[in-house]
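Residues per chain, in single letters:
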Amino acid sequence: VPNLSAEGLLRHDEIHRYADDDVRTVIIDVDTQERVPHWAELDMSHDQKDRRVLRLYPAKPMEWGHHYVVGIRNLQDESGHRIESNEHFQALKNHTPTGTYDIDGRSSLYENTIFPVLESTGFTRDELYLAWDFQIASREHTLRQVLHMRDDALDRIEGGLPYTITEVERFTLEENAKIADSW
């Protein structure tokens, strides 16, 4: 977002305000219709003000398999002027065909899901700068291969691996504080 001002964004020490009516960013769990506590900040890792990224950080883990909608509204530049959405997002907000498959192909998703979810929480489409949705993968899908490898390895070493202790070394605190004997 070119020349975006951080003024009015939820800071990390204002997470408690995430459900207030005047916040500029929102993350909504579509499955529960609940707002997700979060904060927002600008990427200050470089000096190019026209290339700053707005980052949203959820304050709690997202739920496995849930669908989320994000809304950003009423952004201002460093001069205090409202920043308008680009023409493609304007077309989605106005439900205006563009002739571009990537935009028009998502129109029904915006009309049937994204905008209604945002509007139900007080984010009207005319004040939106940008909105999108995303899906968190299910726990089963994400961990399936790792859990299979773990279970396979445990099956192969049923009863444990054989071992013999042949020597015990004792260390004092001065010799190695990390593994010192406590007896």
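Above: the structure in question.
Everything numeric here is computed off the predicted structure, so don't read it as measured data. (Residues numbered from 1 in each chain as written. Predicted model: local features only at pLDDT ≥ 70, side-chain atom pairs only at ≥ 80, totals over all residues. Heavy atoms only, no water.)

Peer 1: Now, about the overall build of the protein: what can you tell me, with residues and values included?
Peer 2: Helix and strand content of the protein: four helices and six strands. Helices and strands appear in the protein in the N-to-C order β-β-β-β-β-α-α-α-β-α. On C-alpha atoms alone, the protein measures out to a radius of gyration of 25 Å, which is more than a quarter above the 16 Å that the 2.2 N^0.38 rule sets for 183 residues. Seen through its principal axes, the protein has C-alpha atoms that stretch 75 × 40 × 30 Å. The burial tally for the protein puts 28% of its 183 residues in the buried class. Summarising the internal contacts of the protein: among those between residues at least 6 apart in sequence, 59% fall at separations of at least 24. Of the roughly 12,600 Å² that the protein leaves accessible, carbon and sulfur atoms contribute 50%. Distance between charge centres in the protein, computed from 20 positive and 35 negative side chains, equals 2 Å. (Helix = DSSP H or I, 4+ residues; strand = E, 2+ residues; numbered from the N terminus. Rg over C-alpha atoms; globule rule 2.2 N^0.38 Å. Buried < 20%, exposed > 50% of the residue type's maximum accessible area, 1.4 Å probe, protein only. Contact = heavy atoms within 4.5 Å. Areas by Shrake-Rupley, 256 points an atom, 1.4 Å probe, with all protein chains shown as cover. Lys, Arg positive; Asp, Glu negative; His and termini not counted. Charge placed at Lys NZ, Arg CZ, Asp CG, Glu CD.)

Peer 1: Give a description of the packing of aromatic side chains that names residues and reports values.
Peer 2: Inspection of every chain in the model, using the stated rule, returns five aromatic pairs. Ring geometry for Tyr68 and Phe134: centres 5.4 Å apart, planes at 15°, overall stacked. Of this pair, Tyr68 sits in strand S5 (residues 67-73) while Phe134 sits in strand S6 (residues 128-135), and the two are 66 residues apart along the sequence. Here Tyr68 falls in the buried class, since its relative accessible area comes to 2%. Geometrically, the ring pair formed by Phe89 and Phe115 is edge-to-face, given 6.2 Å between the ring centres and 65° between the ring planes. With a gap of 26 residues between them, Phe89 in helix H1 (residues 87-94) and Phe115 in helix H3 (residues 107-120) connect regions that are remote in the sequence. The class of Phe89 is buried, set by a relative accessible area of 3%. (Phe/Tyr/Trp six-rings, centres within 6.5 Å; stacked < 30°, edge-to-face > 60°.)

Peer 1: Lay out a nonpolar patch on the surface in plain terms, naming residues and giving numbers.
Peer 2: Taken together, the side chains of Leu154, Ile157 and Leu161 present a nonpolar region at the surface, about 290 Å² in accessible area. Structurally, Ile157 can be placed in the segment after helix H4 (139-156). (Patch = residues over 30% accessible without salt bridge, like charges linked within 9 Å, V, L, I, M, F, W, Y side chains within 5 Å. Salt bridge = Lys/Arg side-chain N within 4 Å of Asp/Glu carboxyl O.)

Peer 1: If you had to explain the sheet that holds S5 to someone new, which residues and values would you point to?
Peer 2: On the basis of which strands lie adjacent, the open sheet formed by four strands has the order S2-S1-S5-S6 and antiparallel pairing. Strands at the two margins of the open sheet, each flanked by one partner only, are strand S2 (34-35) and S6. Running at roughly 105° to S6, H3 makes contact with strand S1 (25-29), S5 and S6 of the sheet. (Pairing = 2+ DSSP bridges. Axes fitted to C-alpha atoms, helices over the stretch in contact; angles between N-to-C directions.)

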